[in-house]
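# Summary of structural features
Chain by chain, the residues run as shown.
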Amino acid sequence: MTTPTNLQKGDTVAILATARKNVDNNLKPAIDLLHSWGLEVVIGKTIGLDNNQLAGTDEQRAADFQQQLDNPNIKAIWCVKGGYGTVRIIDLLDFTKFKQHPKWIVGFSDITVLHNHLNTMGFKTIHGVMPITVPRATKEAIETLRLSLFGNKLEYEITTAPMNKIGKASGELVGGNLSILYSLLGSPSAIDCRDKILFIEDLDEYLYHIDRMMMNLKRNGCLESIKGIVVGSMTKMKDNDIPWGKNAVQIIEDITKNYTIPIIYNFPAGHIQDNRALILGSTVSMEVTPTKSALIFIK
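Report follows, based on the coordinates. Since the structure is predicted, the reported quantities are computational estimates derived from the model, not experimental observations.

Thresholds, definitions, all that
- Residues numbered from 1 in each chain as written.
- Predicted model: local features only at pLDDT ≥ 70, side-chain atom pairs only at ≥ 80, totals over all residues.
- Heavy atoms only, no water.
- Pairing = 2+ DSSP bridges.
- Helix = DSSP H or I, 4+ residues; strand = E, 2+ residues; numbered from the N terminus.
- Buried < 20%, exposed > 50% of the residue type's maximum accessible area, 1.4 Å probe, protein only.
- Contact = heavy atoms within 4.5 Å.
- Disulfide = S-S within 2.5 Å.
- Salt bridge = Lys/Arg side-chain N within 4 Å of Asp/Glu carboxyl O.
- 1 Å grid on protein atoms, 1.4 Å probe; cavity = no way out; pocket = protein on both sides within 12 Å on 5 of 7 lines; lining within 4 Å.
- Points joined across faces, edges and corners; volume = space filled by probe spheres on them.
- Nonpolar A, V, L, I, M, F, W, Y, C, P; charged D, E, K, R; others polar.
- Phe/Tyr/Trp six-rings, centres within 6.5 Å; stacked < 30°, edge-to-face > 60°.

### Here's the deal with the sheet that holds strand S10 (residues 263-264)
Spatially, S6-S13-S12-S7-S8-S9-S10 is the arrangement adopted by the seven strands of the open sheet, whose pairing is mixed. Every interior strand has two partners, whereas the edge strands, strand S6 (155-159) and S10, have only one. In this structure, strand S7 (residues 167-177) lies alongside strand S8 (residues 196-203), joined through six bridges in parallel fashion. Counted as the bridge partner of Leu173 is Ile197 from S8.

Right, here's the structure in full:
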């Protein structure tokens, strides 16, 4: 996997939209944060555009992303928010110049489209805080984003949750938002699970949808071929009038019960304030013991 060039003070970061529009356009906290790190900021043309739910037309969003992708002075692209819409532009993008001069692509949620597409091409990306989430993000979440961008090593150690599965594993970290992973299966941007550590998280889904998506991963052979699972936040899950009978974690537990792989639950990443950065495409080691769970980024 290719690691984009780490940021240095004086480098420029572009903030733009690949999916939903940014309604309030209050980017000052994110801009101030980048300035505090010694970075310059360019605001993309999609910020402020309004095309129903989206930040401009597909062509406008693709053109903005392409411009920043090809600009050698832009060292990282920070997607302003998720929602839905990135998949509508992914096939309009030309990554020729990016392959020659890779740069960090940063975001989460709907940005999982970019994470997985670039991962299949052999490039690392950063799953982490986005500009609109800066005001409510924890100090730890923001600091891990800074460490990731500037090339510092990430190491996480958290208290083991009761439902965790004990064990050790190492491999390339892949994944992101479960709904997006599910939607990409069968496409050129589909996740490659073979010998990988799979990270998943989700927001605002019906519980039976979680079951359906996990069953799809299972039937596609993904769960058969991975070495471990890191489960982030399953936030604001919904149920029907007739209950499904299990919460999101219990659904994942049930579908993975026959696999002898380590599993970390309640990892601090996803649609929560404490959304710690993950460098997708990195080789990581994970160890789950009765008292602690560790995720260490090796290379």
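### Regarding helix H5 (residues 139-149)
Listed in full, the buried residues belonging to H5 are Ala141, Ile142, Thr144, Leu145, Leu147, Ser148 and Leu149. Packing partners of the buried residues in H5 comprise helix H1 (28-36), strand S3 (74-79), strand S4 (104-107), strand S5 (125-127), S6 and strand S11 (278-280). The positive-phi residue at the C-terminal boundary of H5 is Gly151, with phi of around 85°.

### A word on the side chain of Asn119
Tracing the chain through its elements places Asn119 in helix H4 (residues 112-121). Asn119 has contacts with Met1, Glu172, Val174 and Gly281, leaving out every residue within four places of it along the chain.

### Topic: the state of the cysteines
For the structure shown, the criterion picks out one disulfide. Disulfide pairing is shown between Cys193 and Cys222; the S-S distance is 1.9 Å. Measuring the twist about the S-S bond at about -75°, one finds the Cys193-Cys222 disulfide to be left-handed. Highlighted residues: Cys193 in the loop between helix H6 (178-184) and S8 and Cys222 in helix H8 (residues 222-225), separated in sequence by 29 residues. Taken individually, Cys193 and Cys222 each receive the classification buried, so the pair is uniform in this respect.

### Re the pattern of salt bridges
With the rule as written, the count across this model stands at 14 salt bridges. Taking the shortest distance from any N to any O, the salt bridge between Glu143 and Arg146 comes out at 2.6 Å. Placement of both Glu143 and Arg146 in helix H5 is noted, with a separation of three residues, approximately one turn of the helix. Looking at Glu143, the relative accessible area reads 33%, which means it is partly exposed. Exposure remark for Arg146: the relative accessible area of 26% places this residue in the partly exposed category. A single network of salt bridges, built from pairs that share partners, joins Glu172, Asp192, Arg194 and Lys196.

### A closer look at the layout of surface pockets
Put simply, the largest pocket is a space of about 640 Å³. Around the largest pocket sit 26 residues that line it, and Gly82, Gly83, Ser109, Leu203 and His271 are the ones nearest its centre. Residues belonging to the lining of the largest pocket are distributed by class as follows: nine nonpolar, ten polar and seven charged.

### Regarding the packing of aromatic side chains
Here the structure, examined in full by the defined rule, presents five aromatic pairs. The interplanar angle of 80° and the centroid separation of 6.0 Å between the aromatic rings of Phe95 and Phe98 together place this pair among those described as edge-to-face. With a centroid separation of 6.3 Å and 75° between ring planes, the pair formed by Tyr156 and Phe297 is classed as edge-to-face. A residue pair is termed long-range when its members are at least 10 positions apart, and Tyr156 in strand S6 and Phe297 in strand S13 (residues 292-297) qualify at 141 residues. Taking the relative accessible area as the measure of exposure, Phe297 reaches 5% and is therefore buried. These aromatic residues form a ring-pair network of at least three members: Phe95, Phe98 and Phe123.

### Structural notes on unusual backbone geometry
Trans peptide bonds make up most of the peptide bonds, and negative phi angles are found at most residues other than glycine. The backbone phi angle of Ser109 is positive, close to 65°, even though this residue is not glycine. Looking at the element boundaries, Ser109 is found in the loop between S4 and H4. Since its relative accessible area comes to 10%, Ser109 is described here as buried. Here the phi dihedral of Asp204 falls at roughly 55°; this positive angle occurs in a residue that is not glycine. With respect to the helices and strands, Asp204 occurs in the loop between S8 and helix H7 (207-219). The partly exposed category is assigned to Asp204, whose relative accessible area is 41%.

Keep in mind that these numbers describe shape and distance, not what the molecule does.
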